Amino acid sequence: MTDNKGIGFFSERYGLTERDIDRLLAAALEKGGDFADLYFEYRISNSISLEEQMIKSVTKSRSQGVGVRVIIGDKTGYAYTDLIAFDSIVAAARTAAHIARNGGLTTAAGVSVSPSSHDLYPVEIPVSAEDLDRKIELVMESDRAARAYDRRIREVQSTMADEIKHVMIASSDGKLVGDVQPLARLGVMCIADDDGNLQIGRSGGGGRIGIDFFEGQLKPSECGIEAACQAIGQLDAIDAPAGKMEVVLGPGWPGILLHEAVGHGLEADFNRKGTSAFSGLIGERVASELCTVVDDGTIPNRRGSLNIDDEGEATTCTVLIENGVLRAYLNDNLNSRLMKSPRTGNGRRQSYKFLPLPRMTNTFMLSGSDSSEDIIRSVKRGLYAVQFGGGQVDITSGEFAFSASEAFLIEDGKITVPVKGATLRGNGPESLKNVTAVGNDLQLDKGVGVCGKDGQNVPVGVGLPTIKISGMTVGGTKL
Amino acid sequence: MNPLFGKQFAVDLAREAVIRGASAAEALLRHRVEFSVSVRLGEVETLKESTDQAFGLRVLLDGKQASVSGSDFSIEAVESLITEVIDMARATSADDSAGLPDPSEMATSFADLDIYDPEIAELPTEQKINLALRAEQAAREVSPKIVNFDGGGFDSRVGTMVLANSQGFVGEYRGSSCTIATVPVASDGDRMQRDYWFDSRRKLRDMDSPEKIGAEAARRTLRKLGASAVGNQNVPVIFEPNVASELLEDIFQAVSGESVFRKASFLVGQLGERVASRCLNIVDDGTRPALLGSRPFDSEGLPTRRTVVINEGVLESYLLNTYTARKLGLRSTGNASRGLVGAPGVGAGNLILMPGSHSPEQIISSVKSGLYVTELIGFGVNVVNGDYSRSASGTWIENGELTFPVQGVTIAGNLKEMLNAIEMVGNDIEFRGSITAPTVLIGRMTISA
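Residues numbered from 1 in each chain as written. Chains lettered and ligands numbered in written order. Predicted model: local features only at pLDDT ≥ 70, side-chain atom pairs only at ≥ 80, totals over all residues. Heavy atoms only, no water.

Across all of its chains, the model carries 19 aromatic pairs over all chains by this definition. Where Tyr196 of chain B meets Phe198 of chain B, the ring centres are 6.0 Å apart and the plane angle is 20 degrees; that geometry is what we call stacked. On the accessibility criterion, Tyr196 of chain B (37% relative accessible area) is partly exposed. Judged by centre distance (5.5 Å) and plane angle (55 degrees), the rings of Trp197 of chain B and Phe198 of chain B are tilted. An aromatic cluster is defined as three or more aromatic residues linked by ring pairs; in this entry it consists of Phe9, Phe10, Tyr14, Phe40 and Tyr42 of chain A. One cation-aromatic arrangement involves Arg349 of chain A over Tyr39 of chain A; the distance from NZ or CZ to the ring centre is 4.0 Å. Taking the ring centre of Tyr116 of chain B as reference, the NZ or CZ of Arg174 of chain B above it sits at 3.8 Å. (Phe/Tyr/Trp six-rings, centres within 6.5 Å; stacked < 30°, edge-to-face > 60°. Buried < 20%, exposed > 50% of the residue type's maximum accessible area, 1.4 Å probe, protein only. Lys NZ or Arg CZ within 6 Å of the ring centre and 35° of its normal.)

Right under this line is the structure:
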């Protein structure tokens with residue numbers, strides 16, 4: 001079982017027994033509190049960076065530590081140590097316990113190993129354990145393919161980043177679970193230079209996979225070619241239009257729309273506090289009835305998937321919006337207890353140095369019935385956006401923005417010319433009501449997403465079929 | 001070798017790497033004590049305390065480079081990483097420009113820049129909580145329309161950095177910082193708006209009072225209530241100081257040696273050329289006492305300094321570390337910045353858009369019809385070619401006066417043109433971060449709604 005593997009790692013390496021863990025949880029609760037947990041983490045992260053056709057840097061980081069959390073009501077105390085040893089964890093537990101200085105008496109149930117519900121990434125040899133030369137060859141392959149695509153590709157940067165993370169979570173309700181989480185990502189960036197006209201293109205992918213992924217499902221040469229093709233295509237881009245118009249989003253990574261427009265606004269912490277534009281709207285219509293949006297942490301080998309979240313809860317598939325009606329928020333332990341709503345396995349953290357928060361996993365819209373050709377054909381004048389950079393949202397006003405990096409004009413039902421990068425903006429609770437067509441071609445992104453919240457970054461996935469939205473602001477310069 | 005945090009361990013780490021085969025090595029040690037309290041609606045929400053330390057080691061093998069980091073200071077863990085990093089370096093490509101700086105450039109004396117405040121380390125927890133609560137309370141008292149808070153708190157950090165290399169450099173400094181912030185939510189019964197305000201300084205006594213921070217946060221949030229969009233048009237745009245600081249960050253990316261040597265900046269090849277309006281002056285100064293971006297030496301051991309980046313619109317200097325300087329045939333400006341692993345990058349010291357002579361009121365009154373921008377979201381800035389498009393909130397200006405709040409629009413242009421279209425620069429500069437700008441008026445941008 002995956003979880004036993006995770007637990008075994010810590011007990012063997014650091015000699016901690018279940019009895020030790022019980023004593024540590026008791027120390028965390030010695031001043032009272034409703035709940036306490038320990039999050040053990042051991043992580044090895046590697047990177048390889050290529051540019052100017054040279055492997056310029058390789059890195060390896062080893063980190064380990066334990067975070068101790070004590071919750072009393074809606075208050076949380078937290079402390080961590082980077083020394084996995086009984087005495088230093090006790091010290092951290094006593095620091096975390098300060099939050100409950102006036103608390104009553106709570107005792108921890110003795111922990112015992114809980115069964116695992118998923119085994120989503122049964123990778124025999126993680127990318128992090130592969131030979132450095134083999135990984136370097138993959139990075140170089142992406143560079144060669146990009147340069148061979150067009151001689152106007154002047155520079156290629158390619159990075160392989162991988163990690164293996166062992167975690168173990170013990171909580172005062174008796175739970176003891178573990179996991180071993182592999183993760184790898186290849187990213188390629190190309191600069192096209194046509195006599196001083198400079199354009200960039202990006203591509204990449206990965207997941208919780210072994211190295212064979214890059215030799216079959218996603219070849220580095222494909223990433224190189226895609227990034228090069230994008231950069232070269234942008235050389236002919238005209239100024240982006242300004243104003244409201246129909247926007248067709250291509251399948252896959254444009255799902256970042258959902259992440260910004262609704263995903264963050266549905267995280268339970270904002271809704272418990274009543275600061276989200278979606279607060280109090282469960283059961284209400286927040287999208288066109290064509291839209292069903294889910295957050296699914298259980299898809300095998302995906303970048304955003306997890307066997308257990310960072311509070312030890314099994315991940316789930318949560319229907320957020322069903323045929324346009326808001327059904328659920330994304331929950332962690334604290335917020336589900338305070339809101340008396342079910343846990344969804346979305347308590348995540350960047351590392352042992354951080355408190356868990358409700359976060360997305362893989363967020364996507366289910367396929368509808370239209371073909372992408374019909375959707376494009378139905379647009380008289382609009383924008384077809386297929387690649388995006390980052391996005392951002394103000395969850396209180398609902399205002400969000402995301403940046404198209406590859407987009408084309410649609411004129412009389414046909415894709416015509418490429419346009420320069422432009423920000424698309426909308427308002428969370430409004431924008432999905434304006435979805436007027438949903439394609440039958442759902443795609444998940446290739447596995448490069450990073451989501452930031454409160455200074456914490458976690459890997460996520462997004463997905464979308466081709467969709468049409470009316471009345472989205474295109475932030476170009478051409479009036 | 002005794003892996004105890006301090007100069008001797010850093011020196012030994014670099015030396016040990018050379019003994020085991022590296023041609024040069026650089027060790028960095030970092031120790032941090034952090035405290036953070038978040039408050040909401042008069043109560044403590046989270047309380048977090050931590051102490052951590054870690055080391056990083058970068059080795060060179062005749063132009064081949066690799067680096068490792070760890071937080072396990074046991075002799076076995078340290079020695080194993082030294083062996084691994086040398087093996088890793090063998091697998092990389094030899095790069096003539098990679099390597100430690102020339103010893104003649106390294107800092108030999110260290111100025112006291114007054115960047116450590118013992119008061120921060122000694123401040124009792126109760127008082128820290130109280131500072132955070134006072135800021136929130138001050139915001140609540142401004143108006144009954146302040147109905148909620150999305151967060152706020154007090155954060156502090158006290159840290160020590162040690163850097164040593166195999167060419168004989170060794171240096172150490174201690175720094176501190178603290179931040180008070182509050183994030184009010186206002187409602188007019190119809191829609192909610194949120195904004196925030198903060199102060200962040202090296203020293204506790206330099207901080208604005210929590211009352212001032214809270215009142216400003218409330219003012220900023222309340223003025224967004226009732227916001228609406230405006231029509232598509234080309235108009236003058238004013239960036240208030242914290243938004244102008246974001247523009248300055250974009251300019252930093254374009255003058256950073258990392259973008260320039262890759263020719264991935266719209267300012268490539270323009271040293272000595274006019275790239276902006278005459279009223280634009282930008283200076284990077286890592287030596288100003290008690291500021292957040294000040295430190296005695298950079299991440300390669302070079303002394304920090306004052307560098308004029310743009311003088312009256314003319315590009316005078318890029319910001320460089322040793323590697324990017326070598327690639328460009330220039331000298332490092334002492335702007336190396338590194339984390340525990342990886343080759344050093346380029347970081348600003350205190351990057352300052354130098355104040356002009358106009359008050360913000362004078363600047364606003366000069367605009368007949370335009371947008372006063374108070375917030376930008378999205379990442380639509382491309383420093384390779386200057387394309388610029390972000391979502392904006394702010395206040396509409398009509399006949400020189402601030403009128404109604406605006407939201408739901410984007411502003412777009414190109415950085416090359418925007419820099420040349422800067423018509424006025426304000427005299428309102430306040431140092432609450434390491435990137436600092438006053439109010440700026442840009443003659444023309446495209447608003448889309």
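Okay, the packing of helix 2 (residues 18–28) of chain A against helix 3 (residues 86–96) of chain A next. Residues and elements named next belong to chain A. In the contact formed by helix 2 and helix 3, the axes pass within 8 Å of each other and the chain directions differ by 25 degrees. When the axis of helix 2 is compared with that of helix 3, the two are roughly parallel. Every pair of crossing elements has a handedness; the one defined by helix 2 and helix 3 is right-handed. Judged by residue contacts, Asp20, Arg23, Leu24, Ala27 and Ala28 of helix 2 engage Phe86, Ile89, Val90 and Ala93 from helix 3. Here the residues of the contact of helix 2 with helix 3 are counted per class, giving seven nonpolar, no polar and two charged. (Axes fitted to C-alpha atoms, helices over the stretch in contact; angles between N-to-C directions. Helix = DSSP H or I, 4+ residues; strand = E, 2+ residues; numbered from the N terminus. Parallel < 35°, antiparallel > 145°, perpendicular 65-115°, else oblique. Left-handed = near helix turned anticlockwise from the far one by under 90°. Contact = heavy atoms within 4.5 Å. Nonpolar A, V, L, I, M, F, W, Y, C, P; charged D, E, K, R; others polar.)

Right, let's get into the domain arrangement of chain A. All names here are of chain A. When cut into domains, chain A gives domain 1 (2–234) and domain 2 (242–475). Once you take the C-alpha centre of each, domain 1 and domain 2 turn out to be 23 Å apart. If you look at the interface, domain 1 gives 47 residues, while domain 2 gives 45 residues. Interface of domain 1 and domain 2: buried area, both sides summed, is about 3,600 Å²; carbon and sulfur atoms make up 50% of it. Three residues stand out in domain 1 for area buried against domain 2, namely Leu120, Arg208 and Gln234, and they jointly supply 17% of the buried area on that side. Scanning the region where domain 1 abuts domain 2 turns up three salt bridges. Salt-bridge contacts for Arg69 lead to Glu311; the nearest nitrogen and oxygen are separated by 2.8 Å. At the boundary of domain 1 with domain 2, the tally comes to 22 residue pairs in polar contact (both at pLDDT 80 or more). For the side of domain 1 that touches domain 2, the elements supplying multiple residues, two or more each, are strand 1 (35–51), strand 2 (54–72), strand 3 (75–81), strand 5 (153–171), strand 6 (175–194), strand 7 (197–207) and helix 5 (220–234). Top element by residues in the side of domain 1 that touches domain 2 is strand 6. It accounts for eight residues. Residue classes in the side of domain 1 that touches domain 2 are distributed as 15 nonpolar, 18 polar and 14 charged. (Domains from an automatic or database assignment. Buried area = accessible area lost by both parts, 1.4 Å probe. Salt bridge = Lys/Arg side-chain N within 4 Å of Asp/Glu carboxyl O. Polar contact = N/O pair within 3.5 Å; in protein donor to acceptor, adjacent residues only side chain to side chain.)

On to the side chain of Asp95 of chain B. Inspection of the secondary structure assignment puts Asp95 of chain B in the loop between helix 2 (75–90) and helix 3 (118–122). Side chain to side chain, Asp95 of chain B and Tyr323 of chain B meet in a polar contact 2.5 Å long. Ignoring any residue separated from it by four or fewer positions in sequence, one finds Asp95 of chain B in contact with Met54 and Lys56 of chain A together with Gly63 and Tyr323 of chain B.

This part is about the layout of surface pockets. Residues and elements named next belong to chain B. Empty space within the second largest pocket amounts to approximately 750 Å³. Of all the elements in the fold, those that place two or more residues in the lining of the second largest pocket are strand 1 (24–40), strand 4 (146–165) and strand 5 (170–187). For the lining of the second largest pocket, the element with the most residues is strand 5, which contributes five residues. Broken down by class, the residue content of the lining of the second largest pocket amounts to six nonpolar, 13 polar and seven charged. (1 Å grid on protein atoms, 1.4 Å probe; cavity = no way out; pocket = protein on both sides within 12 Å on 5 of 7 lines; lining within 4 Å. Points joined across faces, edges and corners; volume = space filled by probe spheres on them.)

Right, let's talk about the interface of chain A and chain B for a bit. Listed by partner, the interface residues are 70 residues for chain A and 78 residues for chain B. Counting the surface lost from both chain A and chain B, the interface buries some 5,700 Å², and carbon and sulfur atoms represent 50% of this. Interface area lost by chain A to chain B is led by Lys60, Arg62 and Lys273 of chain A, which between them contribute 11%. In this structure, the connection of chain A to chain B is made through nine salt bridges. Here Arg62 of chain A makes a salt bridge to Glu84 of chain B, at a shortest N to O gap of 2.4 Å.

So, on to the domain arrangement of chain B. Residue and element names in this part refer to chain B. Parsing chain B into structural domains produces domain 1 (7–105), domain 2 (118–222) and domain 3 (227–449). For domain 1 versus domain 3, the separation of C-alpha centres amounts to 32 Å. Taken residue by residue, the interface counts 20 residues in domain 1 and 17 residues in domain 3. Note on domain 1 versus domain 3: buried area summed over both sides is about 1,500 Å², and carbon and sulfur give 51% of it. The interface formed by domain 1 and domain 3 holds three salt bridges in total. Residue Glu26 pairs with Arg338 through a salt bridge whose shortest N-O separation is 2.6 Å. The tally of links between domain 1 and domain 3 comes to five residue pairs in polar contact (both at pLDDT 80 or more). At the level of elements, strand 1, strand 2 (43–61) and strand 3 (64–70) are the ones that each hand at least two residues to the side of domain 1 that touches domain 3.

Attention now moves to the nonpolar core. The biggest cluster of nonpolar side chains holds 54 residues, and the ones touching the most others in it are Leu38, Phe40 and Ile89 of chain A together with Val37 and Phe154 of chain B. With sequence-adjacent residues up to four places away left out, Ile89 of chain A is seen in contact with Leu16, Leu24, Leu38, Phe40, Val66, Val68, Thr81, Leu83 and Ile84 of chain A. Within the second largest apolar cluster, 53 residues are counted, among which are Val58 and Ile136 of chain A together with Ala10 and Phe55 of chain B. (Core = buried A, V, L, I, M, F, W, Y, C linked by side-chain atoms within 4.5 Å.)

A few words on the pairing of strand 17 (residues 414–419) of chain A. Residues and elements named next belong to chain A. Pairing analysis gives four bridges linking strand 16 (residues 399–411) to strand 17, with the strands arranged antiparallel. Note that in strand 17 the partner of Ala407 across the bridge is Val419. Taken together, strand 16 and the strand that follows it, strand 17, pair antiparallel across an intervening segment of two residues, in which Asp412 is found at a positive phi of about 50 degrees. (Pairing = 2+ DSSP bridges.)

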